[in-house]
Structure formats: C-alpha cells, structure tokens
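One letter stands for each residue in the lines below.
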Number of protein chains: 2
Amino acid sequence: MSKSNNYCVIMAGGIGSRFWPMSTQKYPKQFQDILGTGRTMIQQTYDRIRKIVPSENIYVITNKEYVSLTEQQLPEVHSENIVGEPMMKNTAACNIYMAKKIAAKNSEANIIVLPADHLILKENIFLKKAELAFNLAEKNDYLITLGINPTRPDTGYGYIQFVDKKGSEYFKVKTFTEKPDLEIAKTFLESGDFLWNAGIFIWNVQSIISAFESFLPEMTQNFDSCEYNSDEEVPCIDLIYPKVNKISIDNGILEKAKNVYVIPADLGWSDLGTWNSIYENSEKDEDQNAAKSKHILSYNSKGNLIKLKNQNKAVVIDGLENYIIVDTDKALLICPRENDQHLKEYIQDLRAVKNGEKYL
Amino acid sequence: MSKSNNYCVIMAGGIGSRFWPMSTQKYPKQFQDILGTGRTMIQQTYDRIRKIVPSENIYVITNKEYVSLTEQQLPEVHSENIVGEPMMKNTAACNIYMAKKIAAKNSEANIIVLPADHLILKENIFLKKAELAFNLAEKNDYLITLGINPTRPDTGYGYIQFVDKKGSEYFKVKTFTEKPDLEIAKTFLESGDFLWNAGIFIWNVQSIISAFESFLPEMTQNFDSCEYNSDEEVPCIDLIYPKVNKISIDNGILEKAKNVYVIPADLGWSDLGTWNSIYENSEKDEDQNAAKSKHILSYNSKGNLIKLKNQNKAVVIDGLENYIIVDTDKALLICPRENDQHLKEYIQDLRAVKNGEKYL
C-alpha cells in the first residue's frame with residue numbers, strides 16, 4: 001500500500017445544539033475543547049489521523065460558515081482542502097462531493113471518513129483498525145465501517161448487524177438499524193452480533209462512487225457536472241447543492257449496498273452526543289463531580305458536571321446533586337443530568353423569545 | 001427650623017461580603033443596583049434624603065478606595081463632601097469625624113446619619129419621621145434613632161427597648177441589645193416594647209460631640225486636633241485614624257448615653273443583609289422565582305433568586321427549588337436559599353485557595 005493513496009475526509013458540518021450553551025451556531029462542538037484536554041475535537045481528530053494519512057491528503061468538509069474557524073484550528077491543513085458546503089444536506093451529499101473531488105486528484109485514493117466531534121480513547125487500536133481498513137479497501141470493492149462493541153442498550157445510536165465468520169478481523173454486514181427502541185436495543189445487546197455504528201467509513205474512491213451510481217444516481221449525476229479543484233468548483237457546487245436530497249450516507253448507500261463490511265473495534269469511543277456522555281468521559285473528583293476548572297468549591301454536592309467557558313471564573317456550588325452546570329459569556333444552563341435530552345426543548349423555547357436567537 | 005441647618009451623613013464604608021459574588025471588595029453592595037430598580041443603593045439613599053436636605057449639606061463617608069466610585073454615582077454631591085477614611089474603624093470614629101467636620105462649617109447643624117445600603121419602601125413615612133427627628137434634635141439635647149416595628153424574631157438585628165409613654169410619637173430608650181439569640185428575640189417580639197435598630201440616627205452636632213466627650217473622650221481629643229475643611233484635614237486624619245479604637249456608635253455612645261430617644265417608624269425597611277432578604281424584597285413570578293433578567297427560562301423550578309451582572313445573558317434552569325443563583329464575570333454561586341449564611345464560609349475557603357483573593 002502506498003501511503004500517498006491514503007486520504008481522509010473529516011466531516012465537521014454539525015451545529016451541535018446538544019451542547020448549548022457551550023456549543024453555539026457560531027462556534028459548534030467540534031471546534032471546542034469540550035473535555036478540557038487542551039485540543040478541540042476537530043484538532044484531536046486531525047492529530048489522530050495525521051499519523052497514517054499525509055497532511056496534504058487530509059480534507060475537511062464543513063459548512064461555509066465554519067471554514068475560517070477550521071483554518072484557524074487546523075493551520076497544517078492546506079486551505080484548498082477545507083471545503084465549505086453552501087447549506088446543510090446531511091451526509092450523502094458531502095460524501096459524493098468529496099469522493100468526486102478526491103478522485104479528480106487521485107483515482108486510486110482510499111478514503112477514511114471521520115466525524116470531527118467524536119471521542120476515541122484508544123488511539124493505537126484506532127490506527128491499527130484504520131490501517132486494516134485501508135488495506136481491505138485498496139484490494140476489495142468493500143464499503144467498510146468501524147463497529148463499536150456495545151456496552152449498554154443505548155437507544156441513541158445506530159446498530160450494525162454482522163454475519164459472524166469465526167476468527168476474522170472483519171465481517172460482512174447484514175443490516176443497519178437506526179436508533180432502536182429500548183426493548184430492541186436490549187435484544188441487540190444480548191444477541192452479540194450487533195455493533196454500534198461509529199460513523200467512521202473507509203472505502204476506495206471508485207467503490208464509493210460506484211455505490212452512489214447504483215443507489216443515488218440522480219445525486220451522483222449532479223455532482224458529475226462539476227470540474228473539481230478548479231475555479232469552477234465553488235460556483236458549480238453552489239448550483240448543485242440546493243437541488244440535492246437531504247439523506248444520510250447510511251440511509252442512502254450503506255443500508256442498500258451488498259458489499260458493506262464492518263471491523264469490530266474497541267476504540268474507547270463515544271460520539272459525545274449529550275452532556276451526560278461528556279460527564280461520563282470526564283475525570284471526576286472524590287465526590288464524582290466533573291469540574292475541570294481551577295477555582296471550584298463544592299459543598300454537599302455530588303455527581304455534577306461543571307463546564308465554564310471562562311477558566312478564570314470561580315464557582316461555588318452547594319446542595320446540588322447530578323446537575324449539569326454550563327456557563328458561557330452568553331448563557332448559563334443549570335439542569336439535572338437526567339434531563340439533558342430536554343436541551344432541544346430549552347433551545348426551542350429560547351428561540352421563541354424576542355431576540356432569543358442571539359443566545360444559540 | 002431653617003432648612004439649611006439640615007445635614008446628612010451617608011455611611012458607605014462597608015465591603016458587603018454577604019453579597020458575594022455580586023458585591024465584591026472593589027464594588028460593594030451600596031454601589032450596586034442589587035434589587036434591579038435602576039438606581040444603586042447609595043443613589044436611592046441620596047435621592048430619598050435629598051428631598052429634605054439640601055444637596056450641599058449631604059456628606060458621604062466611605063473608604064478611600066470608594067471615593068471615586070461615590071463621585072461617579074453621586075455627581076450632585078460636592079466632591080469636598082465625599083470623605084475617604086484611610087482604614088476601617090467601625091462607626092464611632094466616622095461619626096465623630098463627620099460631626100467635627102460639619103460643626104466647623106455650621107455649629108447649629110442637625111445631622112441625620114444614614115446607612116448607604118438599606119432598603120426603605122415607604123419614603124413618605126421616612127421623610128415625615130426624619131423631619132420630626134430634625135425638629136426634636138434642633139430643640140433638645142437628644143440622640144435620636146428611628147426604630148422599626150419587628151415583624152419576626154430576627155437574630156441578626158439589634159433591638160431597642162423603649163419606655164412607653166402613651167400617645168407620643170417618640171420614646172425614651174431604655175436599652176440596646178445587639179443580635180439576641182432566638183429565645184430572647186421571641187420574648188422581645190412578644191413584649192411589644194422593642195424595636196429594630198435601623199442604624200438611622202439624628203442629632204444636633206453639639207449633642208453628639210458632647211456625648212463623645214463624655215463616653216469616648218480619648219477618641220474625641222484625637223479628632224479635636226485637626227483643622228477641618230482645610231488642606232490639613234486629610235494628613236491629620238491619616239495620622240489620627242491608626243490610633244483610634246474600632247468601636248461602633250451603638251456600643252460606644254448610644255448604649256451609654258441617657259438622652260437617647262427612638263421614633264417608631266414603619267418604613268418598609270430592610271437592611272438587605274442576606275441574599276434571602278433580597279429574595280424577599282424582590283418581585284416574583286408565578287413560580288415565586290425572583291429573576292429580573294430578560295431571558296430566563298425556568299422549568300420545574302420554584303422559589304429561586306437569580307441575579308446576573310450581565311443582563312444580556314440567557315439563563316435556563318431546570319429542577320431547582322429555593323436556590324440562590326448569582327452570576328458575575330468573576331464568579332458563579334449556586335446555593336440553597338436556606339444556606340445563605342454559609343456565604344462567609346464559602347468566602348473564607350475561596351480566600352484560602354491560591355489567588356482566591358481575586359474573586360472577592
């Protein structure tokens with residue numbers, strides 16, 4: 001395998017309202033150091049993949065609004081590799097766009113697609129599995145995903161059912177199931193032949209383009225019409241985007257294709273999709289408070305997540321158990337950890353108040 | 001009574017740590033609009049007394065540190081009337097100082113002494129009682145206080161026992177009692193001949209100087225040595241202050257003098273000494289939340305006090321009952337309302353952490 005055929009697409013288009021008020025439309029989660037490690041989520045994603053993909057082969061696709069933020073945070077990425085989508089169109093469109101763009105540079109490219117905002121604790125395993133996937137994708141017409149061994153019947157994740165072939169490092173995928181209800185999630189967990197879909201995909205550029213031709217032919221034709229890596233690319237994309245369907249790569253391609261394979265990977269993975277998952281992945285003190293700020297005094301308080309934008313602010317809490325406390329310049333959120341799924345409601349209500357948009 | 005003999009001394013030297021983090025050493029309570037009415041406490045005090053005391057006869061005594069803050073907030077007060085104490089020495093020293101200073105201008109002055117940080121809801125009654133007190137002080141060698149009819153056995157206030165003389169508007173004071181325990185406070189309340197000491201005093205300048213000569217002769221001699229309202233005043237005061245005792249006007253004079261009178265006054269008064277008293281004196285919504293900010297969304301939350309320094313900040317609270325939430329640039333406090341007396345402990349602990357002073 002020639003290293004220069006390894007490419008990466010970091011998908012960084014989300015607006016991350018689930019992390020309000022830390023994550024806002026102007027400054028979403030992937031551009032924040034949400035765990036307080038010193039590097040933002042997109043920087044962590046870049047740092048990780050940089051070890052097996054040359055910098056000039058790393059692309060970021062994000063909303064136009066976030067192009068300059070991406071440039072600031074990833075100065076090592078060539079600016080022509082930072083691609084701004086004119087509008088949000090879910091993940092199928094950006095994948096065919098990036099496949100076409102990269103194919104125009106290197107028709108033998110193998111691409112790993114990475115969400116910009118996921119946590120991976122076990123980097124070595126990730127890199128090993130990614131190398132394996134690159135190898136498989138280079139030699140086979142496979143669409144490959146990394147699958148996470150589920151540890152609980154989570155109803156917020158997609159599940160991948162695989163066909164077991166003893167002793168193998170990868171398996172043929174039988175079905176994809178998005179966000180099952182709790183009963184079904186429990187049977188998935190018990191059966192042992194389901195993995196979580198981490199949204200990490202690896203394919204040869206020809207494999208993914210041919211899958212798009214089969215399952216999303218209209219979308220693919222639209223993207224055929226542009227001349228990539230030229231001055232005409234941006235105006236052409238601006239014309240195409242309003243026409244293409246909003247559909248995910250999972251729904252549009254992976255659930256339909258017959259050549260999908262999964263590599264089980266124990267990555268120490270979380271999609272950090274909720275404040276609670278941030279709590280779970282944060283260091284905690286002896287009272288199980290997760291509070292990575294210098295001057296926090298807590299009294300009679302346990303199990304709280306405290307996040308401050310301004311690390312030079314003191315916090316005194318008394319009598320709080322299992323709360324999320326997030327403080328930024330623009331907003332203060334205090335809610336029970338078990339209510340973190342109410343965030344959408346809070347944001348809707350805030351949007352409805354006069355000038356409420358400015359807080360989002 | 002000639003109106004030009006009416007003088008006022010506003011005492012504004014407190015550092016108000018009981019309102020941390022809103023009130024800080026740099027910017028204490030009396031300089032804040034703690035109830036959100038549009039005027040700070042000292043401005044309210046000025047506005048109120050201005051109706052019966054000419055502006056040029058109104059003095060403020062505060063710590064040197066707060067002189068410029070006072071000048072900013074009270075531009076109508078002559079700058080030579082804003083007096084900075086070189087250090088905190090409790091209320092006896094500042095009262096003899098101001099009496100001497102005013103006597104040097106007008107030996108017939110009648111002075112009303114007002115704390116800068118108290119709430120008075122019934123301004124008309126206050127003005128009526130103050131006029132009565134000015135009249136009494138002009139004609140009699142009386143040291144006069146306004147006494148508040150107690151509504152609960154509060155252990156945080158001083159109590160004044162008076163000798164009842166039916167039908168009078170003022171009574172001779174029998175005893176002063178500072179901060180009684182709960183049992184004693186209850187008997188005070190039941191007996192009906194106790195009033196709260198609001199720290200509002202009215203006296204002729206000769207009466208108070210002669211009381212100081214009797215009960216604090218050493219302190220008085222010290223203050224005799226300065227030439228007031230001249231360039232020598234400040235250096236002289238700077239020399240005297242380190243020598244004088246820290247004693248309150250109550251302990252040093254009023255508890256000893258035999259010519260103390262009290263005017264019962266139903267002022268709608270509070271010393272706003274705790275966050276809870278701020279809560280009690282604030283407007284509340286239908287959930288009994290006191291939150292005078294524009295964009296506060298509350299869910300399953302009742303009885304909370306929410307104070308924000310930045311009125312353009314959104315707040316979302318969920319599942320909080322009877323909490324105090326105070327947010328400033330430097331600190332965030334969340335504690336049960338019933339624990340507001342723990343504030344001193346929080347502040348002590350914060351002082352103990354490295355660089356903790358900067359939050360206070």
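Scroll up a little and you will see the structure.
Before going into details, it helps to say that this report is about the structure given with it. (Residues numbered from 1 in each chain as written. Chains lettered and ligands numbered in written order. Predicted model: local features only at pLDDT ≥ 70, side-chain atom pairs only at ≥ 80, totals over all residues. Heavy atoms only, no water.)

Residues and elements named next belong to chain A. Relative to each other, helix 3 (residues 90-103) and helix 7 (residues 217-224) sit at 40 degrees, their axes nearing to 10 Å. Considering their axes alone, helix 3 and helix 7 lie oblique with respect to each other. Here the hand of the crossing between helix 3 and helix 7 comes out right-handed. Contacts from A92, A93, I96, Y97 and K100 of helix 3 reach helix 7 at M219, T220, F223 and D224. Its residues assigned to classes, the contact of helix 3 with helix 7 comprises six nonpolar, one polar and two charged. (Axes fitted to C-alpha atoms, helices over the stretch in contact; angles between N-to-C directions. Helix = DSSP H or I, 4+ residues; strand = E, 2+ residues; numbered from the N terminus. Parallel < 35°, antiparallel > 145°, perpendicular 65-115°, else oblique. Left-handed = near helix turned anticlockwise from the far one by under 90°. Contact = heavy atoms within 4.5 Å. Nonpolar A, V, L, I, M, F, W, Y, C, P; charged D, E, K, R; others polar.)

Summarising the element assignment, B:K344 is placed in helix 11 (residues 343-352). Residues B:K344 and B:S230 lie 114 residues apart in sequence; the distance between their C-alpha atoms is 41 Å.

What follows is about the interface of chain B and chain A. With 39 residues of chain B in contact, the opposing surface of chain A contributes 39 residues. Of the roughly 3,000 Å² buried between chain B and chain A, counting both surfaces, carbon and sulfur atoms make up 58%. Viewed at the interface, chain A and chain B are joined by two salt bridges. For the salt bridge of A:D327 with B:K313, the shortest nitrogen-to-oxygen distance reads 2.7 Å. The interface formed by chain B and chain A holds 29 residue pairs in polar contact (both at pLDDT 80 or more) in total. By residue number, the principal contributor to the side of chain B that touches chain A is strand 17 (residues 331-336) of chain B, which donates six residues. For the side of chain B that touches chain A, the class distribution of residues is 20 nonpolar, 10 polar and nine charged. Bridge count for strand 15 (residues 314-318) of chain A against strand 17 of chain B is four bridges, and the pairing is parallel. Across the sheet, residue A:I317 finds its bridge partner in strand 17 of chain B, namely B:I334. (Buried area = accessible area lost by both parts, 1.4 Å probe. Salt bridge = Lys/Arg side-chain N within 4 Å of Asp/Glu carboxyl O. Polar contact = N/O pair within 3.5 Å; in protein donor to acceptor, adjacent residues only side chain to side chain. Pairing = 2+ DSSP bridges.)

Taken by themselves, the reported measurements are silent on function.
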